[in-house]
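Letter by letter, the chains look like this.
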Amino acid sequence: MLAFVAVLMLIGYSCKESFLEIPATGQLDEAQLSTKKGIEGVLVSVYGQLNGRDNRMASASNWVWGSIRGGDANKGTDPGDFSDINPIQRFEYQTTQGVTQDKWKGLYEGVARANLVMKLISVAQADVTESDKKRIGGEARFLRGHYYFELKRGFNNTPYVDEKVDYGTGIEKVPNTADLWPMIEADLKYAYDNLPETQDAAGRTNKWAAGAYLAKAYMYQKKYAEAKALYDLIIAGGKTTNGKKYGLVPRFQDAFKASNDNNSESVFAIQAAANTGSVNNANPEFDLNWPYNVGPNGPGNCCSFFAPSFELGNSFRTDATGLPLLDGSYNSGGNELKTDMGLKSADPFTPDAGRVDPRLDHSIGRRGIPYLDWIDHPGNDWIRNQANAGPYTTKKYAYYRTDVGSLQDNSSWTPGYTAININIIRYADVLLMAAEAEVEAGSLEKAREYVNLVRERAANPASFVKRASGENAANYTISTYKTAWTSKDAARTAVRFERKLELSGEGHRFFDLVRWGTAATEINAYLTYESKKLSGALGGAKFTPNKNEYLPIPQDQIDLLGKTVLVQNPGY
Amino acid sequence: MKQLYMDSGRGLFFSLLLCFVSLIATAQDRKVTGRITDIAGSGIPGATVVLKGTQLGTNTTAEGDFSINVKSATDVLVVSFVGYKTMEVNVGNQSVVNIKMDDDISALEEVIVTGYTVDSRRETTGAVATVKSKDLTATPSGNVEQQLQGRVAGVTVITNGQPGTTSQIRVRGFGAFGGNEPLYIVDGVPTGSTDFLNPDDIESTTVLKDAAAASIYGARAANGVIVYTTKKGTKKARKLSITYDGLFGVTTPGHGQKMLSPQEQADWTWQAIKNDAFQGDSLPKFTNIASGQYGSGDKPVLPDYINVGGKTGVTGSLDLAAEKLKYNVDPTRGSIYQVVRANKQGTDWYDAITRVAPIQRHSLGFSGGGDGSRFYAGFSAQDQKGILLNNGFKRYAFRINSEFDVLKNLRIGQNAQFTYLQILGQSGGGGGQGVAADENVILSAFRMPSIIPIYDEFGGYAGTAAKGFNNPQNPVANRDGQANNSGFAGNGFGNFYVELDIISGLTFRSSVGAQYSNYSNRGFNRLQYENSENNSAYGYNEGAGHRFSWTLTNTVNYKKAFGRHGIDVIVGQEALNTGAGKNQSSSGLNPFSTNINYINMTNVSSRIVNSDFYKGVNFYSLFGRVNYTFNDKYIVTGVVRRDGSSRFGSSNRYGVFPAFSAAWRLSSENFMKSIPFITELKIRGGYGLMGNSNNVDPNNQYSLYGANLGLSSYDLNGTNSSALEGYYRTRIGNNNAKWETSITKNIGIDATLFKGKLDIILDLWQKDTKDLLFQVPITASAGYRASEPSVNVGKMSNKGIDLQIINRGRITNDLGYELNFTAGVLRNNIESLAPGLTYLSSVNPGFRGINPIRNQVGNSISSFFGYKVVGLFANKQEVDGAPAQDGAAPGRFRYQDISGPNGKPDGIINADDRTFLGSPVPKFTGGINIKLTYKGFDIATYMYASVGNKIFNVSKWFTDFYPSFTGAAVSARVKDSWLPTNTNTSTPIFESTSNFSTNTQSNSFYVEDGSFFRMQNLTLGYTLPSNILGRLKMQKLRVYASTNNLFTLTKYQGLDPGVGGNADTNFGIDVGNYPITRSYTVGINLGF
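Residues numbered from 1 in each chain as written. Chains lettered and ligands numbered in written order. Predicted model: local features only at pLDDT ≥ 70, side-chain atom pairs only at ≥ 80, totals over all residues. Heavy atoms only, no water.

Asks: How would you summarise the interface of chain A and chain B if you had to cite specific residues and measurements?
Replies: Taken together, the contact between chain A and chain B spans 111 residues of the former and 117 residues of the latter. Taking both partners together, chain A and chain B bury about 9,100 Å²; carbon and sulfur atoms supply 56% of that area. If you look at where chain A meets chain B, you find six salt bridges. Between B:Glu533 and A:Arg384 there is a salt bridge whose closest N-O contact spans 3.6 Å. Linking chain A to chain B there are 50 residue pairs in polar contact (both at pLDDT 80 or more). Those elements that place two or more of their residues in the side of chain A that touches chain B are helix 1 (2-19), helix 2 (30-33), helix 3 (36-48), helix 6 (98-122), strand 2 (266-270) and helix 20 (555-561) of chain A. (Contact = heavy atoms within 4.5 Å. Buried area = accessible area lost by both parts, 1.4 Å probe. Salt bridge = Lys/Arg side-chain N within 4 Å of Asp/Glu carboxyl O. Polar contact = N/O pair within 3.5 Å; in protein donor to acceptor, adjacent residues only side chain to side chain. Helix = DSSP H or I, 4+ residues; strand = E, 2+ residues; numbered from the N terminus.)

Asks: I'd like a rundown of helix 8 (residues 181-194) of chain A, residues and numbers included.
Replies: The terminal C-alpha atoms of helix 8 of chain A lie 20 Å apart, and with 14 residues this matches the ideal 20 Å at 1.5 Å per residue to within 8%. Contacts from the buried residues of helix 8 of chain A go to helix 7 (130-155), helix 9 (207-220) and helix 10 (224-237) of chain A. (Expected span 1.5 Å × (residues − 1).)

Asks: Help me get a handle on the packing of aromatic side chains, residues and values and all.
Replies: For the coordinates displayed, the defined rule picks out 73 aromatic pairs over all chains. Aromatic pair A:Phe91 and A:Phe543: ring centres 5.1 Å apart, planes at 75 degrees, arrangement edge-to-face. Of this pair, A:Phe91 sits in the loop between helix 5 (86-89) and helix 6 while A:Phe543 is found in the loop between helix 19 (535-538) and helix 20, placing the two residues 452 residues apart along the sequence. Take A:Phe543: its relative accessible area is 2%, and that puts it in the buried class. Ring centres of A:Tyr108 and A:Tyr148 lie 6.1 Å apart, and the angle between their planes is 85 degrees; on these two criteria the pair is classed as edge-to-face. Of the two residues, A:Tyr108 sits in helix 6 while A:Tyr148 sits in helix 7, which places them 40 residues apart along the sequence. On the basis of relative accessible area, A:Tyr108 is assigned to the buried category, the value being 0%. A relative accessible area of 0% means that A:Tyr148 is categorised as buried. An aromatic cluster is defined as three or more aromatic residues linked by ring pairs; in this entry it consists of B:Phe864, B:Tyr867, B:Phe893, B:Tyr895, B:Phe952, B:Phe961, B:Phe996, B:Phe1005 and B:Tyr1006. Above the face of the A:Phe511 ring, A:Arg153 is positioned so that its terminal group lies 4.0 Å from the ring centre. Seen from the ring of A:Tyr192, A:Lys207 lies directly overhead, with NZ or CZ sitting 4.1 Å from the centre. (Phe/Tyr/Trp six-rings, centres within 6.5 Å; stacked < 30°, edge-to-face > 60°. Buried < 20%, exposed > 50% of the residue type's maximum accessible area, 1.4 Å probe, protein only. Lys NZ or Arg CZ within 6 Å of the ring centre and 35° of its normal.)

Asks: Lay out a nonpolar patch on the surface in plain terms, naming residues and giving numbers.
Replies: Residue and element names in this part refer to chain B. A cluster of nonpolar residues, Leu-364, Phe-379, Tyr-396, Phe-398, Phe-418, Tyr-420 and Phe-488, forms a patch on the protein surface that exposes about 620 Å² of accessible area. Taken together, the elements giving at least two residues each to the nonpolar patch come down to strand 22 (392-407) and strand 23 (410-424). Along the chain, Phe-418 falls in strand 23. A residue is classified by how much of its surface remains accessible, and Phe-418, at 49% relative accessible area, is partly exposed. (Patch = residues over 30% accessible without salt bridge, like charges linked within 9 Å, V, L, I, M, F, W, Y side chains within 5 Å. Areas by Shrake-Rupley, 256 points an atom, 1.4 Å probe, with all protein chains shown as cover.)

Asks: Describe the environment of B:Ser532, listing the residues and the values that go with them.
Replies: Within the secondary structure, B:Ser532 sits in the loop between strand 25 (506-525) and strand 26 (539-562). With relative accessibility at 0%, the residue B:Ser532 sits in the buried group. Linking B:Ser532 and B:Asn820, residues 288 residues apart in sequence, is a C-alpha distance of 54 Å. When sequence neighbours within four positions are dropped, the list of residues in contact with B:Ser532 reads A:Tyr292, A:Asn293, A:Asn301, B:Thr464, B:Ala465, B:Asn470 and B:Asn471. At 3.0 Å, the side chain of B:Ser532 forms a polar contact with the backbone oxygen of B:Asn470.

On their own, these measurements won't tell you what the molecule is for.
Below you can see the structure in the form of C-alpha cells.
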C-alpha cells in the first residue's frame, strides 16, 4: 500500500510545476513593448493622461485650479454637489481634500508613463533608430516637463522621479526638497532641441510647442530675458505640428470649435475625440460643466458647474473708446453688468445695453443672448441653483447643435462630451506672455503691438454674436490700444488685464496671479465683491498669503512616505 | 505518460484510475441485515446505517429494514436518523442486527461530513458545527447560505432582502483584507457559490471552523469550510420514496422612511432661507427659491401644477384639452412638453416602487435503490419576486445522485445537478451583497419630493424635469424601464467517483468533479425625458460568458481498531482549476426602432465590444490526516496539507499547513461515571495553520502592461472621432508573494448532560493571520493606475467565543420542546501593516465627498473614521470661544479638538482631529431557536441578534441637509432640526451652506448603532398521525404556516440594520439598503 501511495505522489509530483504556471491573459510584458510600435504605443498613453481620463481634477484644463481659484468662475451648481470643491474656492483647503489628491495622482500617472517611455528607449530593440529615440524621447520629455510644470505650480516642490527610480529602486525615498524648475527646463529644452518642427500626427507636440512651454516656464521664474529671446523666435518662425504658421484664427470663437481643431492658434492642445467607444477621450473633465436641465434645447444638460463670476462678467465692460476699465471701476455702480439674478425665466428681462467687449458673449452664457446655435439663453431655467451659482453658465468649450452626434458623444450618462480640443497653450497666450516679457524688458511698444494683435482679432465684427435678425446681440464696443502706454506699470496692468479677458475660463488666472505676486490682493478683492452676490457659497472666504498660493501636499502621501520624505507646504 | 496528463486533470484522473485497477484487492464481505425501530417498535424508514469509518452505508426501507455488507466481526454499524439518537452497534458474528433507536438525538452524537471523511461527533477534536437540513428550508431565501445566519456560532452573516443575493458570510471573523469568503464544498467538490443548491436537496451541512477541523483543506481553509452533501437514497429500498415540499407566500415591502409632506417641504424650504438669513444676519429673500414652485411670498404656496411646458409654480386651472395638443414626451420629436399636477397629498415613492411580492417553491424528491444501487432524484422550482418592481429570482434545478456496487468491493457513483438560474433587477456589487453602498432606486425613492406625482396628466412619467427639485430620477420609471431586461445562467455541477475497498478497512476513493456555467443577459436603457438629468440616447447591452472548473481528488483511507487502539488514516491528493472561461459584453445606442424584438447588437450604432478570457487558478495538493483513539478516552488528530498554487511565483509556490488536536473524553473515565448528570463530556484542544490566497490576484507575480480605451488611448492624429491604443503599466508584479497563514488556537468543551436533555458546545478561539497579503499602498509618484503588488506583510487577529446550547425534552408525553441557542463573540483587530504604515491609505471610498473608512492598526477592519460631533454650536459666542473650525456657525456641528501636529489638542480643528467612530463588525451575533411539539402540532420560532456593530448611515447626507441636493426630498427628521428656538437637538440647522461644519465631512452624526434583534421565523405546523397516513398510503403529511421577519428591534434609523458590503475593508455603509421585510408563507410536506 505504501508503494501505491508513493506512486500516486510521484505521478503528481512529475507534472505539477508546469501545472502551476498560468500566464496572464489580455496583458503584455515589458519585452513586447520595447519595439518601435510598442514604445510609440506607450507614448500614446502619456498623451492620453493629459485630460486626467476619468479624474476630472487632473486635467490640464485646470477649470478648478486655475479658473475657479482665480475668480473667473465659482463652482456653480448646488452647494452639496461635488462639495469637495467648495473649500477650494473658499481657500479652506484641508490636507485630506480628495480633489487635491486627485490632481497629484493624475499628474504623477503622466510622469510615470513618460518615465516608462524613457526606460523603454534605453532597452529598445533594434528596430528603434537613433532618430526615433530622439523624437520619441523628445515628446516624452516634453510631456514629463508638462506634468512637472503642473505639479510645480500646483504644489510647489514635489518629489522628482525620472526613469531611473521606480518601485523597488527607492522611489518612495525621493524627497520634495529639490526645486523642480531646473528639471522642468531640462526636459523642455531637450524637447525643443530634438523635436522636429512638423510631425506626421497633428496631435503630437513639436519643437515650437516645446519652445513655447519652455518660455512659459521661464516666465514663471521671472526669467524674462530668456523668455523674450525664445518668444522672438517663436513669433517669427513658429508653426503648428501640422505645418501651419502660428497666427490667431480670424474669429475668437473658432479657437474653441471641434471642427476647427488644430488650427494655426493651436500651439499645444489636448486632442479630444467623440464616439471613440469611451467618453474619456471626449473631455470627460468638463462633463459637469453644462447648463442644467436644458432638454433638447441646449447642450449638455448637467450639472451647472463652473459658473462664470459676476466679477468676470463685469470685467468685459468697455469704455466709450472700447477699452477695458483698467481702474477696476467695472465692479461699481452703473458699470456692473446687468443680470437676471433673482428672476425666473418667465419674468421679463432685457439684457444689459451698455458697451461690452464681444468676447463676453463667447466666454459667458447669459440670459437673453444666443447660446451658440441653440436658443437664447433662458436664464434661470438653465441654472441649477441660482442662489448658489449666480446667473451665468459657461460657454467657451460648449458644443454646437450642429455638432450633436458627430463632434459630441451621447454614449454616457450625460451628452456633455465633445471633440473640442482643450488648449494648453494657444497662440494668443504666447503673444500675451511675450507682451509681458517685453514690458519687463522695457519695450512697451512691442508689448502694445502684441496685445493689439489679440484685441484686433477680438474686434473682428464677423466674430460678434448676432441675433437671427443679423444684429449684434449686445452693444459690442472694442478697440485696440491706440496710444502708447505711459509707464511700465500702466503697460503691465493693460497686458495682465488682457490676459484675464482673452484667456478667462481656460485655467490660467490663478497661476498668473500667483506668478505676478498679486494673488492675495486680487483674489481677496474678488471674494469681497463676489461674496456680496453669492453669500452662501463665498461669504467669509478669504485667501491667506504665503499659504494658499500652493495646495497642501496630500496627507495620505505624507502618511505613506513619512514627514521627512514629504515636507508639508507652509501654513498647513 | 507524462505528456498524457500534463494538460488536463481528466488525463491525470484516468491514468491514476488505470494504475489503480491493477491494485484491486479482494476482501471477504458478508451480509448483515436487520430492522431499525423506535422505542415503540415501529420501523424507522430512511434511517442511515453506515459502516463506521467508511463511506459505506445504506438507508432503511419503509419498514425500517436494512442490509449491509460488513468485512469483519470488529466492524461497527453507525445508525442515525433525524430525531433519534445515533447508535453504534458492534456487528460481531451476528448476521441479523435489530436496533432500537432512542429518540432525542443529541447534537454531540451526530455525523460530521467533512467532504473527505465522515466522522462521528464523538471522536471529533476540532471545532465543527452542523446545521439541520430542515433549518435550511425554514425561511424561503434564494441562496442557501443566508440560512446560516444565527444557526452556527461563530459564523457572521450579513445579508439583505434581494432575492438570490449573495451575503457577507464570515466564519470566525475577518482573517484578511479581502477574500474572506469561506470555502464551499458540495458533495466533495469545491465551489465559490452555492446559490444553485435547492435546500430541499441537502442532506447535511457542516461548518469546519478551526484548523483542526479544516486544515485538511489546507491552503483554502483559513476562512472556514462549509460542507454540503446532498441526498443519496437507500440501497434495497422496498419501494420508491417520493417527497413533495411546497411553499407559497408573499413578501411585504413594509414602510419607507418618513419624509416631509409637500406642504412641510415647502415650509422647510422657506425655513432654510430664513436660516440662511439668520446666519448671514440679513433679511430672507424668497425670489426664485425652488425655481419659484412655491411662489415668492413670505409664506410658501403649493402650486397646482409643477410643470406646464417647463413653467413652474402654476396655480389655477388649465385647459387640459388645449394642453394635450402641445404634449410631447418623445425627445426624438422635439421639445418635451408635459403637464404635471402637484400631488398635494404627497406621493409615497417607496410604496410606488415596491409591491407585495409572491414567492413559491416546489421540490419533488425521489429516492430508492436496488440490491447494489441507490439513487436520489430531485426536481425543484423556486420563483421569488423581490419587493421592487421587475426584481426577482428563479431557479429550476434537477439533481440526480446515484451509486452502484460494481463488485463487492467496488462502488461507483455520481452526483449531478443542472440548474437554470435567473436573477433580474438586482443591484449591488459582488452578486448583490454591495447593494447598501449604492445610490440605487431605493435611495431615489427617498430623494424624490413627495409633491411630484408618478405620472403626468397625460400618462407619461412625471419627475424633476419640473424644475426646482434637483436631480432625483423617477424611480418608478427606472424600475419600469427594466421590464424587458432578461438574463439567466445555466449551471451544471457534480462529480463522478469510484470507491474501492482494497482490504478490510482500507478504502481508495477517486472523484472527479466539475462545474460548468454559462450566462447570457440583455438590457435596455430607455430614453428619458421626465428627469432633470436624462439619458440622451437609447442604450442596449448584451453580455454572455462561460466558465469551467474541475477538481480531481484521490484519497486512501485506512481505519482499524486494535484492541483499545483505534486508528483512522487518510492520505490524499487533489488537483483543481478554479475556473477558466470567457466573458463578453457589448453595448450600443439608438436603434432605428425601440421595439425590443427588433433590437440586437447588429441594429444599434456606436457599438462597443469587450471580452476577456481567463484561465483560472490551479492548485495541486497532498494531504493526510491521522486520527488515533485510545481506549475511547484519548483522541489525537494530526492533519497536514501541502498546497501549491499558480497564484504564486515559483519561489514561494508551496505552503504546508499542519494542525494538531487532541481530545479527552472525560465521561469515559471511571471517576466521572459517578456523576449522574454527565452523559458525555469531552475537552478538545487544537492548534494549527491554515492558508489563504483568495486575496491575491492570480497575476500578482507578473508586471503587466495593457491598453484601455478609457484610461490610456488618445486621438494623436487629431481625427475628432477615433483614438489610438496606448499602453501603460497596469500591474507591478511581486514574484515573492506566498501564502497567508492563519494560526488558530481552539479550546472547546462538548458536553451532553441529563441524558441528552442538554448539550453544550463551547469554544474559545483565536485566529492570528500573519504574512497578510495585501496591496501595500505605494507612492503615487510611481503612477496610480498600476495595481500595487500584494506583499506579505501585516497581521490580523480575530478572537472569539462560540457557544451552542441545546436543551430538549418532554414536558408531558405529548408536549416536547427543543431550545437551541447559538452565540458568537468576535473581536477583530488589525495588528500590523507594512513597516511605517499605520493605515491603508489605498482604501478610502468616497460617498459624495465623505470618506468614512479607515483600516488602521489597532482597530477593526473597515472602521469608521472622521470628526466627532460634540454637539451643535448654540450661538455665536460659543463659536467664538471654540477651537477654530472652518465654517463654524450656530446650529452647525461642533467637532471635538482631539489632536494637533504635536499630538495634543491645538485649538484648530483639522485633519489631525479625526478619530475612530465605530466598527461595522458585530461584537456578538446569535440565534435562538425554540420548538414545541404537541401531538401532531409543531410550533417553532427562530430569532437572531446582532449586537455592537455600527452603521455609517450616509443616506442622511441626501435627506437631512438642504444643500446636498437642494430641492430634493427631505427627511421628516429635520422637523426637529436646530433653530434658535430649538437648540436641544442633534439634528443640525437646515440651511443652504455646505461646508466643513455642515454636511461635507465624515463625522459621528452619520454613525448609528446597528444592533438589532429580529424574529426571523415563526412557524406553526401540523403533521397527520401515522394511522391516518397509513390509510392514505402516505409516509408523511405536514402542513404549516409561517411568518418571517415579524419584527425587528433596533435603534437604527435607516430601513434595515442588515447593512453589509462587498469588500471587507469597506462595509457597513448605508446609502440605499434593500431591506429584509416581513413575509408570510404556507407550505406542505408530503411523503409517499
